[in-house]
Amino acid sequence: MMRKLILYLFLIFVSISGFAHQTNTSSTVLIEKDDSSWILQVSASLTAFQQEIQLHYTETPYQTPEEFRAQVLQHIKKNFELLLNKNISIELTGGMVQLGHETKVVFEVHGLPNTIEQVDLTNTIFKDIYRNQNSLFLFKQNFIKTKFTLNAEKDHKLTLVTRDNEFIEQTTEEASVFPSGYIAGFIVLAGLIYLSFCSTKERHYRNP
């Protein structure tokens, strides 16, 4: 079954292959299939995976490709967190590692609700690689296909909200208690009050 899933992903995402040929670039693809099941694919250069594994598993260095694959799966599970609608966690199962210059890792994803209102994602899989950039592709049935970027500047975290069948990145400004429109209005109001005060004060001096 997993081999069919690998082929399925390959046919769909052949257009985005090449993201992981450099050590500091990687891609994460989360896709909903026709049967409403989900798949997660993480792609990066083999060198990127090796650097992370050698750093985090110094006490138990791998001796065989099988041990390396097992540590890769464990590393991803520890460093990929997905929270839906603020309180629903997901589970990754059936991991498979396809080694190569561009190494791909595929999981089956369980626990996603049918209705998604908010996505809170943390991806620190490659956080130790200098200037790493992770491209997130999120494909949900009947939703606009979207791409986002995670990096150190964002602390490898991303919050998305749904709007009109599309995932929208929630920025700091949007999450603020005082939206930018209110702040701008407040500044204008303060300016008008100040000008009115100055005008009143000037008339007072002219007419003691």
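In case you missed it, the structure is sitting above this.
Along each chain, residue indices are assigned from 1 in the same order as the chain's sequence is written. Whole-chain, interface and lining totals are the exception, using all residues; otherwise, since this is a predicted model, local features are given only for residues with pLDDT of at least 70 and side-chain atom pairs are given and counted only at 80 or more. With hydrogens and water excluded, all non-hydrogen atoms of the structure serve as input to the side-chain values.

A. Expanded view of the environment of Lys-77. Structurally, Lys-77 is set in helix H3 (residues 65-79). The rule is simple: take the accessible area with a 1.4 Å probe, protein chains only, and divide by the maximum for that residue type; under 20% is buried, over 50% is exposed, in between is partly exposed. Owing to a relative accessible area of 46%, Lys-77 belongs among the partly exposed residues under this scheme. In the structure, Lys-77 is positioned 46 residues away from Asn-123 in sequence and 10.0 Å away in space, judged by C-alpha atoms. Between two residues, a contact is recorded if the distance between any of their heavy atoms is within 4.5 Å. Contacts of Lys-77, omitting those with residues within four sequence positions, involve Leu-92 and Phe-107. For helices the rule is a DSSP run of H or I covering at least 4 residues; for strands it is a run of E covering at least 2, with both sets numbered from the N terminus onward.

B. Inspection of helix H2 (residues 46-56) at higher detail. Restricting attention to buried positions, one finds in H2 the residues Ala-48, Phe-49, Glu-52 and Ile-53. Along the axis of H2, the buried positions cluster into a sector of 125 degrees, meaning they face one direction only. Elements in contact with the buried residues of H2: strand S2 (38-45), H3 and strand S6 (102-110). Directions from the helix axis toward the C-beta atoms define the arc.

C. Representation of the side chain of Asn-79 in the model. Summarising the element assignment, Asn-79 is placed in helix H3. Taking the relative accessible area as the measure of exposure, Asn-79 reaches 13% and is therefore buried. Polar contacts involving the side chain of Asn-79 include one to the main-chain carbonyl oxygen of His-75, which spans 2.8 Å. One polar contact links Asn-79 to Thr-124, side chain to side chain, over a distance of 2.9 Å. Discounting residues that sit within four places of it in the chain, Asn-79 has contacts with Thr-122, Asn-123, Thr-124 and Ile-125. We define a polar contact as two N or O atoms separated by no more than 3.5 Å, with the added condition that, inside protein, one atom must be a possible hydrogen donor and the other a possible acceptor, whereas residues neighbouring each other in sequence contribute only through side-chain atom pairs.

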